[in-house]
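In case you want the letters, here they are:
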Amino acid sequence: MPTLELTDLRGQAYDGAGAMAGATNGAAARIQQQYPKALFTHCAAHRLNLCVVKCCSVLEVSNAMDLADSIVRFFDNSPKRQNSLDSFIPEGESRRKLKELCRTRWVERHDSFDVFLLLYQALAHCMEYLSTAPAKEWNRDTRNNARLILNSLLRFPLIVALTLTREILLMTKALSIKLQSTYMDIVRTHKEVELVKQQVKRNREDVDGFHQRIYNAAVALANEVGLSEETPRIVGRQQHRTNLEASTLCEFYHRSTTVPLLDHLQMQLKERFSTGHRALGISASLWPSRPVNFKGRLSQ
């Protein structure tokens, strides 16, 4: 097997951890000391993941993610509980098990939220049954946890946050998959990132229409589980919840959740895929995206 000539090394990419990307003692810096042409680039897939992590730090969204994660573990830890949930899922529904939220790739949580919202009604009915079941059938911990989860599920703000988060993750899902594929190069990466930026920008410019569509979907899901529209309680001084005044319920969630989420995502995409990254993409567009063979023709 032929050995690789490190003198031909022209690039290296890692995540942003200090051990790899540190300017002085990071792996990238130490390699570049010996091979100056090996330019370091922060992994594009990791940048996108950080964008989503940051924008999902909005309070209601963060709480929704924590609850979804705890519910997934509630059923994963007990086949008996999973069988109980299965009994409440309509026949013919192909998805019968919640998907674990990926702990590292936040952009890949879309499928998890998709299944979670699809089974939302079954989850509510299952939790209602478990919380009131006889002691001989279910132990105290299961009944108490089910009661707590049910109280959390039957909240309209949670449904809005889950529905909106799924839509936000949908905008980044395709890009995440492409960034992890073998055919991607820096030119394609730049183009795909710009497409997502434009999509987020369009949704932000038409935020009223974007929010109305999300809100209508949330109201429809709430009706399925017997919930009516509501807002969190407004008090004079509030530190741990959104505390806004609005003339309508739709406007409240427009201001408290939709706008902050879109603004965070737009700002993070702009910062983490900055003008420096754009300049590199433009420069790279002068190079062929496939290797050139010894006859000067593009290899197939």
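Structure: see above.
**Examining the packing of aromatic side chains**
- In this structure the tally under the stated criterion is eight aromatic pairs.
- Here Phe88 and Tyr129 contribute two aromatic rings whose centre-to-centre distance is 5.9 Å and whose plane-to-plane angle is 45°, an arrangement assigned as tilted. Of the two residues, Phe88 sits in helix H5 (residues 79-88) while Tyr129 sits in helix H7 (residues 120-132), which places them 41 residues apart along the sequence.
- Here Phe88 falls in the partly exposed class, since its relative accessible area comes to 30%.
- A cation sits over an aromatic face here: Lys80 above Trp138, 4.3 Å from the ring centre.
- One Lys or Arg, Arg81, reaches over the ring of Phe74 and ends 4.2 Å from the middle of that ring.

**Looking at the pattern of salt bridges**
- Tallying each qualifying case throughout the model produces 11 salt bridges.
- Between Asp86 and Arg96 there is a salt bridge whose closest N-O contact spans 2.7 Å. Of the two residues, Asp86 sits in helix H5 while Arg96 sits in the loop between H5 and helix H6 (110-118), which places them 10 residues apart along the sequence.
- The shortest N-O distance in the salt bridge between Arg204 and Asp263 comes to 2.5 Å. Residue Arg204 is found in helix H10 (residues 186-205), and its partner Asp263 is found in helix H12 (residues 249-272); the two are separated by 59 residues along the sequence.
- A relative accessible area of 31% places Asp263 in the partly exposed class.
- Via salt bridges that share partners, Arg95, Asp114 and Arg166 belong to a single interconnected network.

**Examining the pairing of strand E1 (residues 11-14)**
- Residues of E1 alternate between two faces, with Gln12 and Tyr14 buried on one and Gly11 and Ala13 left unburied on the opposite face.
- When E1 meets strand E2 (residues 39-42), the two strands line up parallel, connected through four bridges. Bridge assignment links Ala13 to a residue of E2, and that residue is Thr41.

About the thresholds
Residues numbered from 1 in each chain as written. Predicted model: local features only at pLDDT ≥ 70, side-chain atom pairs only at ≥ 80, totals over all residues. Heavy atoms only, no water. Phe/Tyr/Trp six-rings, centres within 6.5 Å; stacked < 30°, edge-to-face > 60°. Helix = DSSP H or I, 4+ residues; strand = E, 2+ residues; numbered from the N terminus. Buried < 20%, exposed > 50% of the residue type's maximum accessible area, 1.4 Å probe, protein only. Lys NZ or Arg CZ within 6 Å of the ring centre and 35° of its normal. Salt bridge = Lys/Arg side-chain N within 4 Å of Asp/Glu carboxyl O. Pairing = 2+ DSSP bridges.

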